[in-house]
Amino acid sequence: MIVVENLYFTYAPQGDYVLKNINLEIGEGELIAIMGDNGAGKTTLVKHFNGLLKPTLGRVYVDDVDTRDVPISELSRKVGMIFQYPEKMFFSERVWDEVAFALRNFGYDEASINRLVQKILNIFWLWKYRDSSPFILSGGEQRRLAIASVLVWNPKYVVMDEPTAGQDAVQREILLQIINMMVSQGKTVILVTHDVEFVAEIRPRVILMSNGEVVYDGEATRLFRNPGILESAGLTQPILFKLESRLRDQGLIEGGFNTIDEAAKKIISLLGDERL
Amino acid sequence: MMRNIHELFKYESLNTPLHHIDPRSKLATIFIYLVLTIILSDIMHLLIILIIILSQLAIGRALRKFAKGLLTLTPFLVLILILNYLSLGSVSASLVPVFRFLLFLAIMDLFFLTTDPDDFALTLESLRLPLTVSLSFSLALRFIPTMAEQVNEIVEAQLSRGLKLDQGNFFARIRKYVPILIPIIILSIKRSIEVAESLEIRGVDPNIKRIHYVALKLSMRDIVYFLVNLGLVIVVYLASSYISSESLIALLHFSKI
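Residues numbered from 1 in each chain as written. Chains lettered and ligands numbered in written order. Predicted model: local features only at pLDDT ≥ 70, side-chain atom pairs only at ≥ 80, totals over all residues. Heavy atoms only, no water.

Here we come to the overall build of chain B. The number of helices and strands found in chain B is 12 helices and 0 strands. Put simply, chain B runs from its N terminus to its C terminus through helices and strands in the order α-α-α-α-α-α-α-α-α-α-α-α. Across its three principal axes, chain B shows a C-alpha extent of roughly 75 × 55 × 30 Å. Buried residues in chain B amount to 37% of all 257 residues. Expressed as a percentage of contacts within chain B between residues at least 6 apart in sequence, the contacts between residues at least 24 apart total 78%. Seen as two clouds, the 24 positive and the 19 negative side-chain charges of chain B have centres 5 Å apart. (Helix = DSSP H or I, 4+ residues; strand = E, 2+ residues; numbered from the N terminus. Buried < 20%, exposed > 50% of the residue type's maximum accessible area, 1.4 Å probe, protein only. Contact = heavy atoms within 4.5 Å. Lys, Arg positive; Asp, Glu negative; His and termini not counted. Charge placed at Lys NZ, Arg CZ, Asp CG, Glu CD.)

This next bit is on the overall build of chain A. Looking only at helices and strands, one finds 11 helices and 10 strands in chain A. Across its three principal directions, the C-alpha atoms of chain A cover 70 × 50 × 30 Å. With 276 residues in all, chain A has 53% of them scored as buried. Partitioning the contacts of chain A with sequence separation of at least 6, the portion at a separation of at least 24 is 62%.

In this section: helix α5 (residues 139-151) of chain A. All names here are of chain A. With 13 residues, α5 should cover 18 Å at 1.5 Å per step; its first-to-last C-alpha distance of 19 Å lies within 8% of that length. Buried residues dominate α5, accounting for 12 of its 13 residues. Inspection of α5 places Gly140, Glu141, Gln142, Arg143, Arg144, Leu145, Ala146, Ile147, Ala148, Ser149, Val150 and Leu151 among the buried residues, and these make up the whole buried set. In this structure, the buried side of α5 is in contact with β6 (79-82), α3 (95-105), α4 (110-123), β7 (157-161) and α6 (169-184). (Expected span 1.5 Å × (residues − 1).)

As a further point, take the side chain of Asp66 of chain A. Residue and element names in this part refer to chain A. Here Asp66 lies in strand β5 (residues 65-66). Only 2.9 Å separates the side chain of Asp66 from the side chain of Arg68, close enough to count as a polar contact. With sequence-adjacent residues up to four places away left out, Asp66 is seen in contact with Arg59, Val60 and Tyr61. (Polar contact = N/O pair within 3.5 Å; in protein donor to acceptor, adjacent residues only side chain to side chain.)

Here we come to a nonpolar patch on the surface. On the surface, a nonpolar cluster with roughly 620 Å² of combined accessible area is contributed by Leu218, Met220, Ile223, Val224, Leu227, Val228 and Leu232 of chain B. Following the sequence through the fold, Leu218 of chain B ends up in the loop between α10 (178-201) and α11 (220-240). (Patch = residues over 30% accessible without salt bridge, like charges linked within 9 Å, V, L, I, M, F, W, Y side chains within 5 Å. Areas by Shrake-Rupley, 256 points an atom, 1.4 Å probe, with all protein chains shown as cover. Salt bridge = Lys/Arg side-chain N within 4 Å of Asp/Glu carboxyl O.)

A separate point is the interface of chain B and chain A. Tallying the contact residues gives 17 residues for chain B and 20 residues for chain A. Between chain B and chain A lies a buried interface of about 1700 Å² when both sides are counted; carbon and sulfur atoms form 62% of it. Among the residues of chain B in contact with chain A, Glu156, Ser160 and Arg161 of chain B are the three that bury the most area, contributing 43% of the side total. Scanning the region where chain B abuts chain A turns up 3 salt bridges. For the salt bridge of Arg161 of chain B with Glu98 of chain A, the shortest nitrogen-to-oxygen distance reads 2.8 Å. Our enumeration of links across chain B and chain A arrives at 8 residue pairs in polar contact (both at pLDDT 80 or more). Elements with a contribution of two residues or more to the side of chain B that touches chain A: α8 (144-160) and α10 of chain B. Top contributing element to the side of chain B that touches chain A by residue count: α8 of chain B, with 7 residues. Of the residues in the side of chain B that touches chain A, the class split is 9 nonpolar, 4 polar and 4 charged. (Buried area = accessible area lost by both parts, 1.4 Å probe. Nonpolar A, V, L, I, M, F, W, Y, C, P; charged D, E, K, R; others polar.)

Turning our attention to the packing of helix α2 (residues 23-39) of chain B against α11 of chain B. Residue and element names in this part refer to chain B. Closest axis-to-axis distance for the α2/α11 pair is 9 Å, and the angle between their directions is 10°. Considering the angle they form, α2 stands roughly parallel to α11. Residues Ser25, Lys26, Ala28, Thr29, Ile32, Tyr33, Leu36 and Ile39 of α2 touch α11, and the partners they reach there are Asp222, Tyr225, Phe226, Asn229, Leu230, Leu232, Val233, Val236 and Tyr237. Residues belonging to the contact of α2 with α11 are distributed by class as follows: 12 nonpolar, 3 polar and 2 charged. (Axes fitted to C-alpha atoms, helices over the stretch in contact; angles between N-to-C directions. Parallel < 35°, antiparallel > 145°, perpendicular 65-115°, else oblique.)

Turning our attention to the packing of aromatic side chains. Each aromatic ring pair is specified by the distance between its two centres and by the angle formed by the two planes. Under the defined criterion, the tally for this structure stands at 11 aromatic pairs over all chains. Considering the side-chain rings of Phe9 of chain A and Tyr11 of chain A, the 4.9 Å spacing of their centres and the 85° angle between planes classify their relative orientation as edge-to-face. The buried category is assigned to Phe9 of chain A, whose relative accessible area is 6%. Of the aromatic side chains, those joined through ring pairs into one cluster are Phe111, Phe112, Phe120 and Phe137 of chain B. (Phe/Tyr/Trp six-rings, centres within 6.5 Å; stacked < 30°, edge-to-face > 60°.)

On to the sheet that holds β7 of chain A, then. Residues and elements named next belong to chain A. Ordered in space as β6-β7-β8-β3-β9-β10, the 6 strands form an open sheet in which the pairing is mixed. Bordering the open sheet on either side are β6 and β10 (213-219), each of which pairs with just one other strand. When the angles between neighbouring strand axes are averaged without regard to direction, this sheet yields 15°. Bridging between strand β3 (residues 31-35) and strand β9 (residues 205-210) involves 4 bridges; their strand directions are parallel. Bridge pairing in β9 links Ile32 to Arg205. Along the sheet face, α5 touches β6 and β7 and points at about 165° away from the line of β6. (Pairing = 2+ DSSP bridges.)

With that settled, the discussion passes to the pairing of strand β4 (residues 57-62) of chain A. Residues and elements named next belong to chain A. Pairing between strand β1 (residues 2-9) and β4: 5 bridges, direction antiparallel. Counterpart to Glu5 in the pairing with β4 is Arg59. Sheet analysis places β4 next to β5, joined by 2 bridges and oriented antiparallel. The partner of Tyr61 across the bridge, within β5, is Asp66. Hairpin geometry of β4 and β5 is characterised by an intervening segment of 2 residues between the two adjacent antiparallel strands and by a positive phi of about 50° at Asp63.

Moving on, we come to the sheet that holds β4 of chain A. Taken in spatial order, the 4 strands line up as β2-β1-β4-β5 (chain A) in an open sheet, and their pairing is antiparallel. The open sheet has two edge strands with one neighbour each: β2 (19-26) and β5 of chain A.

A few words now on the domain arrangement of chain A. Residues and elements named next belong to chain A. You can read the domains of chain A as domain 1 (2-237) and domain 2 (238-276). The distance between the C-alpha centroids of domain 1 and domain 2 comes to 34 Å. Contacts between the two partners involve 9 residues from domain 1 and, on the opposite side, 11 residues from domain 2. Of all residues in domain 1, the largest losses of buried area upon contact with domain 2 belong to Arg203, Arg225 and Gln237, amounting jointly to 68% of the total for that side. One can count 4 residue pairs in polar contact (both at pLDDT 80 or more) joining domain 1 with domain 2. Among the secondary structure elements, those contributing two or more residues to the side of domain 1 that touches domain 2 are α7 (196-202) and α8 (220-224). With 3 residues, the top contributor of residues to the side of domain 1 that touches domain 2 is α7. (Domains from an automatic or database assignment.)

Below, the structure is given as structure tokens:
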């Protein structure tokens, strides 16, 4: 469990707080989206989870360990962090070495490294590229490689910063599969994003941030039916929910729909009614 | 450690006399100080120049920034000291290159911390340097903070992959910078191509004569600033052949007896 207690954070000693009085509990196996517009403090918050940043005031505990007491390298074994545009960090000549880098840092023996790298490259459809340069891969493959090079050490918590940034529709679909896979493995997955459409597809618990504060913490569906809070945090409703509120405003539907399929059925039945 | 290096040359717009001096006058001034630093090799003389530069940095309210930058570079200063000691075998002789390095930094800071990057670009152009040279120079300066941000990002990403920068012996530590340096080099090359393209689509053409919206004007104050510094440099240079740290030590010995 990750517990955040009265967290305040400032980059400069006398500067303004970029995180203000954050209190959170993130349980095991949860799927969470931390949302908010640019500068809301999302990335700053998640950097506290693996100790890259230490609280100015308050505490952050990862499995009851105070993040101030342990080095980043130790926390990172539990909390895997996948940064925005993670392919920027590639430096190896071979895909294999890129994935093995972290395992070597964490002191795995060669036999385990071979086994783990082979396994993860196969899962991520990258085995055939094992001896190629990471830089010849396509954008989507590079993103997958970057994710694989973190998941390879099997961290219990996985933080993904803006995973959908710069990814096309097919890659988003693959990303969804990867996230589902992680959740089914019992991992805690924390997504940092302002991509409402992506969040609407996975419906996680949403922690909404604005100006360094948590303004909403709860179900995604309930949040998306509340355009007021969304707009105050610089976000807009996903298309599905916009459609829903338009139809509801016209008195055409009651309640709402949860999936595109449900929406399609409702609309078809509405059309059917008119034809009668 | 690498995170604050860019602070060394980051300009801050302040209202001090030094900020208002014409950049050309400042450039000429730091040039003569740099020459003096290279000519002189006695610690005492270098110390005197340092005091002059530091007092000017104080006037430009840039002393704190200089000190901060210096702190991040302390490992390099120690490295210079050790390497020189290994080859020269004397502490006092190996202190000279350390002091020179320190002075170079201070002198560069005197210019860059008090000169608007835009004015710097104008200065280079007023020196009749080709646009390709002056533009690349001022762009390089402009991109230092951007690059520092990128370094920070990459360091954080690699730390999150278990990289331990502060472990192992000297050579092991240097090798640990490979996962940071390679991405930075690659990103810099990519960005330079992007910048070049964006300059081209905005009509930058080195073969066309440019005119400027803001023109630099040399005032009496700028000339006086340079002449005062020139005077100081000449005095230090002339005095250096009469007084050295050795003669001072000898004098101290003499007075003890």
